[in-house]
Each structure stands twice: as C-alpha cells, then as structure tokens.
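# Examining the three-dimensional arrangement
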Amino acid sequence: MIILNATNFATDKNIMSRAQFHLLSISKTRELPDGVAITFDIPDKLFSTFKYIPGQYVTLEASINNKIIRRTYSICSYHQDNCLEIGIKRIEQGVFSNYALSLKPGDQLKVMPPEGRFIRPIDEQKTDDQKPAHTLLVAAGSGITPCLSIAKSVLADEKKSKITLLNGNKTINSIMFRADIAALKDDHTERFNVINMLSQEKQDIERFNGRISATAVRDLNADGLIIIGDFDNAYLCGPMDMVNSIRDTLLELGMQQEQVHTELFTTEKFDAAATNNAFQTQNTIKHKNGAGQHQVTIMLDGLQTDINVDSSTDTVLSAAQSAGIDMPFSCAGGMCCTCRCKVLEGKAIMDANFSLADWEVEAGYMLACQARPSTDKLVLDFDSV
Ligand code: FES
C-alpha cells in the first residue's frame, strides 16, 4: 500500500478527529449476571464531548496480549448523569469481555465519544396538552443495555410518557440489569410496563414463555397484553433474526417504518473475527467487476490522503490501516456504523451492510469497513457525515 499524497484542505480548525480516544478513569464496577457494568468518570473539560442521547454506544480500545482490540458497548445510564455506564456481557473465549471482568475502579481505558443512531431523543418540553408518548422497547439478552438508558431517561424527564419493555432472556436469574429494571418499575409503576419473556424457565402466564418471536408479538397484541396501535415508536435491540422478524411484524401490525428503530447486537466472536480481518487485511472476497488497483481519496479530520486499494484483497478500511491512517472504526463488520462516510466521487460496493438505512445508501453513504472501490477513482468524506 502506497500513500500517494497527503494534503491539508481544512480551513475549519474545529474539525475534531472522529477516531479520537480519550483516557477515562473507571469510578465503579458492578457485577451483573455473567457480565459487568463499568462506570466512567467524565472530567468537566470532556463533559460536552461525552454528552449522549439515550440509546448510543461508545467504542473502547485496549491492548490485550500485545494486540490492540476495539469493541463497542451500549451506554446504560441516565443521560443527565455526569458519568457514563456501560454493560458488558461475558462471552466465552471473548478477549475483551474477559479482560473487562478484571477491571477495577481507578483503572483507565481509552474511550471514543458516544455515537450511534439508535436514539430516543428526550423531549423535556412536552406540554400537558400534548399526547404523552408511549415507547415500546424490545430487547433480547444484552440488548437491554441501550433500552435501559432509554427507559431511565424517558421516565425521568418526560413526566407523562410511558414505556413498555418486552425483555427476552433464558431465565429470571440471567436477566442483565434485573435489579435496575425492578427499581425503575418501583419508581414508575404506572408508566413502566415490563414483560419478561423467558425461554428456559416456565412462568405462570403462558404467553410469557418462550423466545421473543413474531408469533409471540402477534399473540401478545391479540390478547391485549401489548397494544401495538398505542406505541408512538419502537426500539428493537438483539440478534439479527429477532430484530428483523419483530420489525416486520410491527410494520405488518400497522406501525410505520420511521417509527421502528433497530440495533443489531454484535457478539464479541463476530467482532473479533471482523476486527482481525480489518487488521490483517486478509479478506479474500473477489469481485468479478472492478477488481484490481483503485485510487481512493480519504478526507478525514481536515486531511486529504490518497491511497491505492486493491479491491480483490482489501476494503477501504483495511487498506487505510495498512497505510497508517487512523480511520474511525469499531466492529469492522458492517454493524456499528462508526466508519460511515460519504461518497463524493466514484463508486464502491459494500460486502455487507447491517447498519445504514436505505435512504443513507441512496444518499451516497458507505461503510468504509465494507467498501471495495469499483471505479478507478473514489473520493470518501468522513468529516461531513
Ligand atoms: S466499523 Fe462498524 S460498521 Fe464499519
């Protein structure tokens, strides 16, 4: 990989690096069923940098066994707290999650500012004569993490809004943040409806047994245990199959596309495989059309850098990393959207896309971790996204 040239085109000195990490101290850790919650202190000078909208995530970076590892974790805290808490589920053989279990107060980690479009903006100005919003949260396993931040923030700041949480787990004891959910329910009995669906433990109400599925949602709706027509919006977070089937079911039951928000739950195994590909530039997918060398111009943090990309072996991200460009990325698997950029000239094909909406693709947005150029020249802008 050869860097052809690097020039500074920025006139705006305020362009902040999207890949910039900040060293944050851990103020608290607490044990969760098969996981850990980690709270970071946010210094005053970084307060606005780390301000977040409920539903967003952060990317962490650590050197583990001499390898740089990045992972994204959703924020679970109330959005006005002056600290930030994330939930990490332990994955068997998971390099980062097992490392996270050993972290303790006082330790420091590199953390990227919050990102993500799975957001539930809080409307504190809602007037009494406005209809209170009713939000449906559907979570499976650790998919509860962003939903918890949404529930805490909505219930605290929108005085009349309601939340219904459909939470899928194996057993009662495996529910992540079970105590937090119970405390929230105690504080907001009238406005917080919780339905726990358990797949490996029998409950008295038959409808609450089993996994969250399209059939389960239809049955709950038919029985009046949830009323889809009541919801102003829905937020779904969990494995891809569950998220896709529940989204389709909600649309079929009358919700509109723009009311349904989804976030795919990425397993650390998936992240690790994808990250290794990105770091080791070993992706060997061949494109019949457009394989070979392409000139790619990367506009990032006010710098314009040209690199050569061999689309038969490299994505834009893996080529940029080989060229020493510190490009924003996390999962490297098309799921987190951290590497989102806009095509200003030329064309590229994505290997996969689990996070960009159709309108974004139509508007020319691209995931650099999945993008392989298909024209001789490709210009990607990471700054105006
Ligand atoms: S780095 Fe996560 S989608 Fe590209």
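Located above this text is the structure these notes cover.
What counts and what doesn't
- Residues numbered from 1 in each chain as written.
- Predicted model: local features only at pLDDT ≥ 70, side-chain atom pairs only at ≥ 80, totals over all residues.
- Helix = DSSP H or I, 4+ residues; strand = E, 2+ residues; numbered from the N terminus.
- Buried ≥ 20, exposed ≤ 12 C-beta atoms within 10 Å, placed from the backbone.
- Contact = placed C-beta atoms within 7 Å.
- Pairing = 2+ DSSP bridges.
- Axes fitted to C-alpha atoms, helices over the stretch in contact; angles between N-to-C directions.
- Core = buried A, V, L, I, M, F, W, Y, C linked by C-beta atoms within 7 Å.
- Left-handed = near helix turned anticlockwise from the far one by under 90°.
- Nonpolar A, V, L, I, M, F, W, Y, C, P; charged D, E, K, R; others polar.
- Arc of directions from axis to C-beta.
- Right-handed = clockwise from strand over helix to strand, strands pointing away.

Looking only at helices and strands, the protein has eight helices and 19 strands in total. For the protein, with 385 residues in total, the buried portion stands at 40%. Within the protein, contacts between residues separated by at least 24 positions form 71% of all contacts whose residues are at least 6 apart in sequence.

Okay, the sheet that holds strand S10 (residues 192-198) next. Across the sheet, five strands lie side by side as S10-S9-S8-S11-S12; this open sheet has parallel pairing. Every other strand in the sheet has two partners, leaving S10 and strand S12 (260-264) as the edge strands with one partner each. With strand direction ignored, the average angle separating the axes of adjacent strands in the sheet is 10°. The pairing of strand S8 (residues 134-140) with strand S11 (residues 233-238) spans five bridges and is classified as parallel. Paired with Leu137 across the bridge in S11 is Tyr235.

Attention now goes to the nonpolar core. Of all hydrophobic cores here, the largest spans 87 residues; its most connected members are Leu137, Cys147, Ala151 and Ala368. Among the elements that make up this core, the one with the highest residue count is helix H2 (residues 144-157) (seven residues). When residues no more than four places from it in sequence are discounted, the contact partners of Ala368 are Val316, Leu317, Met327, Cys339, Cys341 and Leu380.

Let's shift gears to the sheet that holds strand S4 (residues 57-64). Reading across the sheet, the six strands line up as S5-S4-S7-S2-S3-S6 and stay open at both edges, with antiparallel pairing between neighbours. Edge positions in the sheet fall to strand S5 (67-74) and strand S6 (83-89), since each has one partner strand and no second. Each neighbouring strand pair of the sheet contributes to a mean axis angle of 40°, computed without reference to strand direction.

Glancing now at the packing of helix H4 (residues 214-222) against helix H5 (residues 240-252). The contact between H4 and H5 brings their axes to 9 Å, and the two run at 35°. Pair H4 / H5 crosses with right-handed handedness. In this structure, H4 contributes Ala214, Val217 and Arg218 to the contact, and H5 contributes Ser245, Ile246, Asp248 and Thr249. A per-class count over the contact of H4 with H5 returns three nonpolar, two polar and two charged.

Let's shift gears to H4. All of the buried residues in H4 are Ala216, Val217 and Leu220. For H4, the angular spread of buried residues about the axis comes to 100°, placing them on one side. The exposed residues of H4 that point more than 90 degrees off its buried face are Thr215 and Ala222. On its buried face, H4 sits against S10 and H5. One or two steps after H4, the chain reaches Gly224, where phi turns positive at roughly 75°.

Let's shift gears to the pairing of S10. Sheet topology places strand S9 (residues 162-169) next to S10; seven bridges connect them, and they run parallel. When the sheet's bridge partners are listed, Leu166 is paired in S10 with Ile195. Regarding the hand of the β-α-β motif, the stretch spanning S9, helix H3 (residues 178-187) and S10 is right-handed.

This next bit is on the pairing of strand S13 (residues 293-300). Every second residue of S13 is oriented toward a common face, the buried set being His294, Val296, Ile298 and Leu300 and the non-buried set Gln293, Gln295, Thr297 and Met299. Where S13 and strand S14 (residues 303-310) come together, eight bridges link them in antiparallel fashion. Its bridge partner being in S14, Ile298 is matched across the sheet by Thr305. Pairing of S13 with strand S19 (residues 377-381), which is carried by five bridges, proceeds in the parallel orientation.

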